[in-house]
Amino acid sequence: MNQDTICALATANGVGAIGIIRVSGEKSFEIVNKVFEGKNLEKTKSHTVHYGFIVDGKTRDVRPETERKEEREKKQALSEDASTPLSMTADNRQLATDTKEIIDEVMVSVFHAPKTFTTENSVEISFHGSPHIGAKILEVLIKNGARMAKAGEFTMRAFMNGRIDLSQAESIADLIAAENEASRKVALNQLKGGISQEISVLRGDLLNFTSLIELELDFAEEDVEFADRTALVALIKRIQTKLKSLIDSFQYGNAIKNGTAVAIIGKPNAGKSTLLNTLLKEERAIVSNIAGTTRDTIEEILHIKGHAFRLIDTAGLRDTEDEIEAIGVQKAREKVSQAEILVYLAAANSGDFTEDIRMIQSLVREDLELIICLTKIDEVVPTTFDVIENQFRDALDTPFDFIKISAIENRNIQELKNELSSYVENLKAQEGGVVITNQRHYEALQKSLYSVTQVEEAVSHNITTELLAYELRNALEHLGEISGEFTNDEVLGNIFSKFCIGK
Ligand SMILES: Nc1nc2c(c(=O)[nH]1)N(C=O)[C@@H](CNc1ccc(C(=O)N[C@@H](CCC(=O)O)C(=O)O)cc1)CN2
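Residues numbered from 1 in each chain as written. Predicted model: local features only at pLDDT ≥ 70, side-chain atom pairs only at ≥ 80, totals over all residues. Heavy atoms only, no water.

Trainee: Would you mind showing me how to read the overall build of the protein here?
Mentor: A tally of helices and strands in the protein yields 16 helices and 14 strands. Expressed as a percentage of its 503 residues, the buried residues of the protein come to 48%. Accessible surface for the protein amounts to roughly 24800 Å². Of this, 52% is attributable to carbon and sulfur atoms. (Helix = DSSP H or I, 4+ residues; strand = E, 2+ residues; numbered from the N terminus. Buried < 20%, exposed > 50% of the residue type's maximum accessible area, 1.4 Å probe, protein only. Areas by Shrake-Rupley, 256 points an atom, 1.4 Å probe, with all protein chains shown as cover.)

Take a look at the structure:
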């Protein structure tokens, strides 16, 4: 249990109509009472809102006389017990009216434990949204016994106190980051326990078996089988199917959360710049160095039908058309290795496609979607299109889409966009229910699948019960990492430090 009472700005750090400061912890009411001129918060009903002033320094008590009298009598009785004079009690608000300074006129919302976001006593102070006022209010809260919250600490408490599991806590950060309908919906589903339920069903099934297997270990000498091996194999198969489908959903989940990475490659003068300009002309937007991707890359974001595509570019080479000459096969490979889709550009007027074909052959891989764009079709006669397409079809044994475009005349650019968006639509169509969007969950599911598969092997090869039990426990543990039943401070620190302060 964390004893500290924490406070932080919950709204964005900037000017707004209203700013909100959150306070959470056992002493929330006690601390806010010291700076709030208004109702005594200890005596409020939960989930109520109260008008008053935030003040610095001890203040006049504005509570109704009946309430004040009651408290005076209580304190009198206490101080007689402890032989402390009334004037010395810490929160005697009758005193020092002259030292107070009003900081702001506010509304204060009160939430009584345990039915609160963190499960602790919590207060929210809504002030006039100036960052300066917010900072002053935080200052007086800290002066009176609260401390600044760390990033994600409110949500971490909700998790630590058992109100939500780890996957739900993570979904809160995803909701805050949601930039489109798709990501909002998956995050919300996760918040509502979508993943938690799937995992807990899987764990429940595995747990039953694990206890039977462990019981067998306890009776090792008697050579009994409590756990029916045929039923175990059937169960394992069901679990494998479920795990695989969750693992597969990550491809779509990742597309939702991070966008789909597209590499655009072609020989010099294949028309890359013109195409990029045409694609991005309305967006002309985000040219960014996204952290976590390979250095030297720039990504431009293209939105098609609500899905984000990250056009991976190589820093510094943006304006040279001489893609392949400048970056070489090695660099092109690096670029493509980060991508889910390769859009290869070949100029219709080039005459010879052997080099293009060789390049494509060196870049394709099984999980790479290939789109070959025949560019500059305005420069050749239409009868040559099919001849060229056939050259590619004959030489390449990987499937690909072939699109004939002219960026200058804006021909078939929409077709290219449709092709890109259908890639994501297809991923989506493969998804039934829960979508995994989180790398950590993805890895835990893979580890769990591995252990479960080991269990299956162990059963079919009659391997020792000890090994069975060991792999079952591994599988359980990896599933438990997702919900946070198995975790450690480093993992938690990692997750919550990426949250905003005040969340
Ligand atoms: N003012 C305000 N708005 C907010 C939040 C908040 O903390 N404060 N939220 C915070 O992120 C989100 C809402 N999420 C919340 C989730 C749970 C509880 C909560 O108190 N749950 C309790 C009691 C529920 C009830 O009263 O029935 C519980 O589950 O026990 C509050 C907010 C978005 N809007």
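Trainee: Would you mind showing me how to read the site of the ligand here?
Mentor: Around the ligand lies a shell formed by Arg-22, His-47, Lys-115, Thr-116, Phe-117, Glu-124, Arg-163 and Lys-503. Interatomic distance of 3.1 Å between a backbone N/O atom of Phe-117 and an oxygen atom of the ligand. The side chain of Lys-503 places a nitrogen or oxygen atom 2.6 Å from an oxygen atom of the ligand. The fraction of the free accessible surface of the ligand (680 Å²) that becomes covered by protein chains is 48%. (Near = heavy atom within 4 Å. Polar contact = N/O pair within 3.5 Å; in protein donor to acceptor, adjacent residues only side chain to side chain.)

Trainee: It is not clear to me how a nonpolar patch on the surface should be interpreted in this structure. Could you clarify?
Mentor: A surface patch of nonpolar side chains, amounting to about 350 Å² of accessible area, comprises Leu-212, Leu-215, Phe-219, Val-224 and Phe-226. Within the secondary structure layout, Leu-215 lies in helix α7 (residues 194–218). (Patch = residues over 30% accessible without salt bridge, like charges linked within 9 Å, V, L, I, M, F, W, Y side chains within 5 Å. Salt bridge = Lys/Arg side-chain N within 4 Å of Asp/Glu carboxyl O.)

Trainee: For this particular structure, what's the right way to read the confidence of the model for the protein?
Mentor: It should be kept in mind that the predicted coordinates are not to be read in detail where pLDDT is low. Here the protein shows a mean pLDDT of 87. Residues at 70 or above account for 87%. Here residues 284–295 is modelled with pLDDT under 50, and outside its nearest four sequence neighbours on either side it reaches 22 contacts, counting other chains as well. In this model residues 315–319 is a low-confidence stretch, pLDDT under 50, and it forms twelve contacts with partners more than four residues away in sequence or in other chains. With a pTM of 0.78, the predicted complex shows an ipTM of 0.95. (pLDDT = per-residue confidence, 0-100. Contact = heavy atoms within 4.5 Å.)

Trainee: Would you explain the UniProt feature "binding site: Mg(2+)" (unreviewed entry) in the protein in this entry?
Mentor: With numbering matched to this structure, UniProt assigns "binding site: Mg(2+)" (unreviewed entry) to Ser-273 and Thr-294. With respect to the helices, strands and loops of the structure, Ser-273 is situated in helix α9 (residues 272–280). (UniProt positions renumbered as here; feature names shortened; annotations may be inferred.)

Trainee: Would you explain helix α16 (residues 489–496) in this entry?
Mentor: For an α-helix the count is 3.6 residues per turn, leaving residues at separations of three or four pointing the same way. Of all the residues in α16, the buried ones are Leu-492, Ile-495 and Phe-496. All buried residues of α16 project into a common sector of 85° when viewed along the axis, lining one side. Where α16 is buried, its residues meet α4 (153–160), α5 (166–177) and α14 (439–460). The distance from a side-chain oxygen at the start of α16 to the backbone nitrogen of Glu-490 is 3.0 Å, and the residue carrying that oxygen is Asn-488. (Arc of directions from axis to C-beta.)

Trainee: Teacher, can you tell me more about the state of the cysteines here?
Mentor: Two cysteines joined by a covalent bond between their sulfur atoms form a disulfide. In this structure the tally under the stated criterion is zero disulfides. Cysteine Cys-7 shares no disulfide, and the gap to the nearest cysteine sulfur, in Cys-500, comes to 16 Å. Looking at Cys-7, the relative accessible area reads 0%, which means it is buried. Overall, Cys-500 belongs to the partly exposed group, its relative accessible area being 39%. (Disulfide = S-S within 2.5 Å.)

Trainee: How do you make sense of the nonpolar core when you look at a structure like this?
Mentor: One broad rule of soluble globular proteins: the nonpolar side chains tend to lie buried together. Counting residues in each nonpolar core, the largest one holds 32 residues, and the members touching the most others are Leu-206, Leu-232, Leu-243 and Leu-445. At the level of elements, α7, α8 (229–258), α14 and α15 (465–483) are the ones that each hand at least two residues to this core. (Core = buried A, V, L, I, M, F, W, Y, C linked by side-chain atoms within 4.5 Å.)

Trainee: What should I look at first to understand the side chain of Ser-196 in this one?
Mentor: Along the chain, the position of Ser-196 falls in helix α7. Within the structure, Ser-196 has its side chain in polar contact with the side chain of Ser-167 (distance 3.3 Å). Excluding its chain neighbours within four sequence positions, the residues that come into contact with Ser-196 are Asp-165, Ser-167 and Gln-168.

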